[in-house]
Amino acid sequence: MLDSESSEAFTVFEDGSGIALLKSDYSSVVLITSAIEKEFPTLHRLLSSDEPSRCKIKSELLAQGFFSVDYSY
Amino acid sequence: MTIAIDSGPYTFSIKGLSAPVVSELSNLYLERLTPEKDGFYDFSLSIENTSPLRRFFRRQRIISVEGVKPFNPISDQHLLPSIEWAMNWAVAAYQHTKLSLHSSVVVKNGKAILFPASSGSGKSTLATYLGYSGWQMFSDEMALIDPNTLEVSPLYRPASLKNKSIDVISTLCENVNLSNITRGTHKGDIAHARLYTCQQFGHFVPSKPKFVVFPRYVPHKETTIRMISSVESFAMLLRNAFNYNIMGKQGFSALSEISSSCQAMQIEYSDAHDLDDYLSGLVE
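Where an unreviewed UniProt entry is consulted, chain B appears under the name HprK-related kinase A, with the organism given as Alteromonas genovensis.

This is the structure:
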């Protein structure tokens, strides 16, 4: 399970294909892919935008309850 | 005998070798193999006898890497490939200043292509063929990537060929310098191919990867290419990364950078020459 405090770093891929989060244990990486477009339209819109903002993405993900969903790779 | 091998970024000290094994290693490493001198070596390997009781039943040897014995005992006949595997293991286990990926690396026009793949995918065969055909083969086994510059280091190591790939390379690369074949190892029959003289290797310089290609050899299949996204590339690179977790944020960032900056693709092929043409077009 993810929570907002447990990720140490994350990368938003510029091709809009998704984001990768490094969890604080440094050995787990969670990938969020654009395959979730239908389920999380806001996330997809943010990933597709020209100027992705980490904080904005994080807060919107939290607002959508995303961190209660485990998409661990 | 105790020898030293300079692979480029790392040096190895190997003690307990018999003259025939040193001779075989000399054929693979040329002037980069020297008698050991007092000094610093990155990794120390030693070939040791097994316990007297064990030897009573069967004469075997065991390889120690920095005092650790990560492999099962082996017969003298299997020493050469086992030393090569132990050298790989030493780098994968102890080297954490560079991101290490289970990947072949070839370079042309200063542009590197990574072939990350697991054992048996044909990455060594492909890298050896390309390395023989005008590319610079930096490694058939491991990509060592500087996390700051993202440059891949060239390694002076022979390609390790298994089973059918020995015949494939013998046929495609007529004048390649092949070691004797070691038969019946736990990975099958093994031979090593040296592609370059030390002088040729001296012209190799660290290069940035521009493409990540996940190759798959499929007999009788036309070359097919499927572009893959950055996040998918990241996931596949992650599976082939030895030490991203030990390197923490730095390793994660390096993987992210490579996934973002390199065009990634999956390629199924049966004709290495056809694939060579395609890849050469990419790096022109």
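Picking up after the structure, the text goes on.
Engineer: Explain the overall build of chain A to me, and be specific about the residues and the numbers.
Structural biologist: Assigned secondary structure in chain A consists of two helices and three strands. Start at the N end of chain A and walk to the C end: the helices and strands fall as β-β-β-α-α. In chain A, which comprises 73 residues, the proportion classed as buried is 23%. In chain A, the share of contacts with a sequence separation of at least 24, taken over all contacts with a separation of at least 6, comes to 35%.

Engineer: Pulling in residues and values, what's your account of the domain arrangement of chain B?
Structural biologist: Bring the parts together and some accessible area is lost; that lost area is often taken as the interface size. Residue and element names in this part refer to chain B. For chain B, the domain assignment lists domain 1 (2-94) and domain 2 (99-282). Across the contact, 17 residues belong to domain 1 and 21 residues belong to domain 2. Elements represented by at least two residues in the side of domain 1 that touches domain 2 include exactly helix 1 (19-29) and helix 3 (79-94). Residue contributions to the side of domain 1 that touches domain 2 peak at six residues, all from helix 3. Of the residues contributing to the side of domain 1 that touches domain 2, the split by class is seven nonpolar, six polar and four charged.

Engineer: Go over the sheet that holds strand 4 (residues 43-49) of chain B, please, and point to the residues and values.
Structural biologist: Residues and elements named next belong to chain B. The strand order 3-1-2-4-5 describes an open sheet built from five strands, whose pairing is mixed. Looking at strand neighbours, the two that pair on one side only are strand 3 (33-35) and strand 5 (61-65), the edges of this open sheet. On average, each strand axis in the sheet is tilted by 25° relative to the strand beside it, whichever way the strands run. Relative to strand 5, strand 4 runs antiparallel, the two being bridged by five bridges. Across the sheet, the residue bridging to Asn49 is Arg61, located in strand 5. Along the sheet face, helix 3 touches strand 2 (11-15), strand 4 and strand 5 and points at about 25° away from the line of strand 5.

Engineer: Outline the packing of helix 7 (residues 230-239) of chain B against helix 9 (residues 249-261) of chain B, listing residues and values.
Structural biologist: All names here are of chain B. Taken N-terminus to C-terminus, the directions of helix 7 and helix 9 make an angle of 135°; their axes are 8 Å apart at the nearest point. In this view, helix 7 runs oblique relative to helix 9, as classed from their interaxial angle. As helix 7 runs across helix 9, the sense of the crossing is right-handed. Within the contact between the two elements, helix 7 uses Ser230, Ser233, Phe234, Leu237 and Leu238 and helix 9 uses Leu255, Ser256, Ile258, Ser259 and Ser260. Here the contact of helix 7 with helix 9 is composed, by residue class, of five nonpolar, five polar and no charged.

Engineer: Can you break down the interface of chain A and chain B residue by residue, with the values?
Structural biologist: In this assembly, 16 residues from chain A lie in contact with 15 residues from chain B. Of all the secondary-structure elements, those providing two or more residues to the side of chain A that touches chain B are strand 1 (7-12), strand 2 (18-23) and strand 3 (29-33) of chain A. The residue inventory of the side of chain A that touches chain B, partitioned by class, reads eight nonpolar, five polar and three charged.

Engineer: Run through the confidence of the model for chain A, naming residues and quoting values.
Structural biologist: This prediction gives chain A a mean pLDDT of 61; 34% of its residues lie at or above 70. The least confident element of chain A, judged by mean pLDDT, is helix 2 (residues 54-63) of chain A at 57; the most confident is strand 2 of chain A at 80.

Engineer: Can you explain the nonpolar core? Please cite residues and give values.
Structural biologist: Residues and elements named next belong to chain B. By size, the foremost hydrophobic cluster in this structure holds 84 residues, and its most contacted members are Leu45, Leu101, Val106 and Leu255. Element by element, the count of residues in this core is highest for helix 3, at eight residues. A domain split of this core shows at least three residues from each of domain 1 (2-94) and domain 2 (99-282). Leu45 has contacts with Phe12, Ile14, Ile63, Ser64, Val65, Ile83, Ala86 and Ala90, leaving out every residue within four places of it along the chain.

Reading guide: rules and limits
Residues numbered from 1 in each chain as written. Chains lettered and ligands numbered in written order. Predicted model: local features only at pLDDT ≥ 70, side-chain atom pairs only at ≥ 80, totals over all residues. Helix = DSSP H or I, 4+ residues; strand = E, 2+ residues; numbered from the N terminus. Buried ≥ 20, exposed ≤ 12 C-beta atoms within 10 Å, placed from the backbone. Contact = placed C-beta atoms within 7 Å. Domains from an automatic or database assignment. Nonpolar A, V, L, I, M, F, W, Y, C, P; charged D, E, K, R; others polar. Pairing = 2+ DSSP bridges. Axes fitted to C-alpha atoms, helices over the stretch in contact; angles between N-to-C directions. Parallel < 35°, antiparallel > 145°, perpendicular 65-115°, else oblique. Left-handed = near helix turned anticlockwise from the far one by under 90°. pLDDT = per-residue confidence, 0-100. Core = buried A, V, L, I, M, F, W, Y, C linked by C-beta atoms within 7 Å.

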